[in-house]
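The chain contents come next:
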Amino acid sequence: MRRALEAARRGWGATHPNPMVGALIVENGRVMAEGSHAQDGGPHAERLALLALGHRPREGATLYVTLEPCSTAGRTGACTEAIIASGIKHVVVGAEDPNPAHAGHGYEVLRAAGIEVTSGVLERECADLNLIFKNWIVTGAPLIAAKAAITLDGRIACRSGDSQWITGEAARADVMRWRRLFPAIAVGAGTVMADNPRLTARIAGQEEWCPWRFVFDGLLRTVADRAMPKVYTDEFHERTIVVTTPHGGMGYVRKLKEMGVQVWTLPSATQRVSMAEFRKRCALEKITGVYFEGGAQLVSQILQDRQLDYLFIYQAPMILADDRAKPIMNGLRSEKLANAIRLTDVRHDFFGDDTLTRGRVSYPAQMFIDETTFSLG
């Protein structure tokens, strides 16, 4: 199953809105064929593995697959039908199909055809591979995730704003890997003006990849300067979307559109972009996941609005011990631990001396906003 997971990861970031799936066929204890789902609309991993085998599976052959085989025809035909037709009598599965309408049905179809099904092998790892797909298929909405690099005392920058670099090269390389997975990356206007980021995935040995790039700018401050940010002028500028409000000014909107940059003007009574409206628009455009990289004001706003689904925290073994250094988040009034936001299904990874903690965001029944804090986002 670990080898099937490796095969599934070949589709890393390329299969949206479909899941990543890996499959392999074992005969007499040897892996004889592999398949992985490569892109939306393409053949599924199970069918590719059967095709790669090149002959009818021998007696005793076993199919390993990271996700429950689909049992509906769709565009490529039900994989359960192909498995039954192949003559394979044993299927080992990692994770159940997260689609509530299909979950478990593939198992039922295979077992009804006399096929032995073993499920739940490396289930946690197989399910984690498709955290974006699971959220999309269950809720019909994008997975809104945020990432930050912090010190041991929870700071993202010195009081001067100096923040490069808190974490080491290995942790920053992992950020690029997650950038490649998510269909979109998002930052606030402050980050664009301070850092002028490129917001692409740059992984050694691979071609530079540009996802959809969102810039949250409720007043279109990033368009006021003559020196335009990279994301508005580089070779990927047509994949940049500025998210703003009706308070930003139509002149700036026209300027961006003339440059080839897209603009989403979302309804808002204030100068802040409504995260709920943003989520709705992403769902309409079939953007299944957005990876927010800051700044702190924007991420705090998402948290205050209860719109953050998933969190990635890279922590370096350093301490600033300065109450004027920039905190990772603010804006809440958590007077009791019962009011704390927690992570569930938590996972940890290590990159040299740095640690990644990630998991789903779980909100308390009562969450109080600090009314003295106001952020434009």
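As shown above, the structure is provided for reference.
In this report, we go over the structure that sits alongside the text. (Residues numbered from 1 in each chain as written. Predicted model: local features only at pLDDT ≥ 70, side-chain atom pairs only at ≥ 80, totals over all residues. Heavy atoms only, no water.)

Next up on the list: the overall build of the protein. Looking only at helices and strands, one finds twelve helices and 16 strands in the protein. Relative to a compact globule of 377 residues, whose C-alpha radius of gyration would be 21 Å, the protein shows 23 Å and is just as compact. When the backbone C-alpha atoms are referred to their principal axes, the protein occupies close to 70 × 50 × 40 Å. Taken across its 377 residues, the protein has 50% of its residues classed as buried. Taking the contacts inside the protein whose residues are at least 6 apart along the sequence as the reference set, 72% of them involve residues at least 24 apart. (Helix = DSSP H or I, 4+ residues; strand = E, 2+ residues; numbered from the N terminus. Rg over C-alpha atoms; globule rule 2.2 N^0.38 Å. Buried < 20%, exposed > 50% of the residue type's maximum accessible area, 1.4 Å probe, protein only. Contact = heavy atoms within 4.5 Å.)

Right, let's talk about helix H3 (residues 79-86) for a bit. Within H3, burial applies to Cys 79, Thr 80, Ala 82, Ile 83 and Ser 86. Each buried residue of H3 sits inside an arc of 160° when the element is viewed along its axis, so together they form one side. Pointing more than 90 degrees away from the buried face of H3 are the exposed residues Glu 81 and Ala 85. In this structure, the buried residues of H3 make contact with helix H2 (45-53), strand E3 (62-67), strand E4 (90-95) and helix H4 (105-112). In the segment just after H3, Gly 87 is the residue with positive phi, at about 95°. (Arc of directions from axis to C-beta.)

Spatially, the nine strands line up as an open sheet ordered E11-E10-E9-E8-E12-E6-E13-E16-E15, and their pairing is mixed. The sheet is open, and its two edges are formed by strand E11 (262-265) and strand E15 (342-351), each paired on a single side. Recorded for the sheet is a direction-independent mean angle of 20° between the axes of neighbouring strands. In terms of strand pairing, strand E8 (residues 184-188) meets strand E9 (residues 212-216) through five bridges, oriented parallel. Residue pairing in the sheet places Ala 184 in a bridge with Trp 212 of E9. Across the sheet, helix H7 (residues 169-181) is in contact with strand E6 (143-150), E8, strand E12 (289-292), strand E13 (310-315), E15 and strand E16 (354-362); its angle to E13 comes to roughly 160°. (Pairing = 2+ DSSP bridges. Axes fitted to C-alpha atoms, helices over the stretch in contact; angles between N-to-C directions.)

Let us look at the environment of Asn 339. Of note, Asn 339 is situated in the loop between strand E14 (326-327) and E15. Considered as a pair, Asn 339 and Ala 365 are 26 residues apart in the sequence and their alpha carbons are 7.6 Å apart. Leaving out residues up to four positions away in the same chain, Asn 339 has contacts with Ser 334, Pro 364, Gln 366 and Phe 368.

Our next topic: the packing of aromatic side chains. Within the structure shown, the criterion is met by 13 aromatic pairs. For the pair Phe 182 and Phe 312, a centre-to-centre distance of 6.3 Å together with 80° between the ring planes defines the contact as edge-to-face. Residue Phe 182 is found in the loop between H7 and E8, and its partner Phe 312 is found in strand E13; the two are separated by 130 residues along the sequence. The same class applies to Phe 182 as to Phe 312, namely buried. Of the aromatic side chains, those joined through ring pairs into one cluster are Trp 12, Trp 178, Phe 182, Tyr 291, Tyr 310 and Phe 312. Stacked on the ring of Trp 212, the Lys or Arg Arg 239 has its end atom at 4.3 Å from the ring centre. (Phe/Tyr/Trp six-rings, centres within 6.5 Å; stacked < 30°, edge-to-face > 60°. Lys NZ or Arg CZ within 6 Å of the ring centre and 35° of its normal.)

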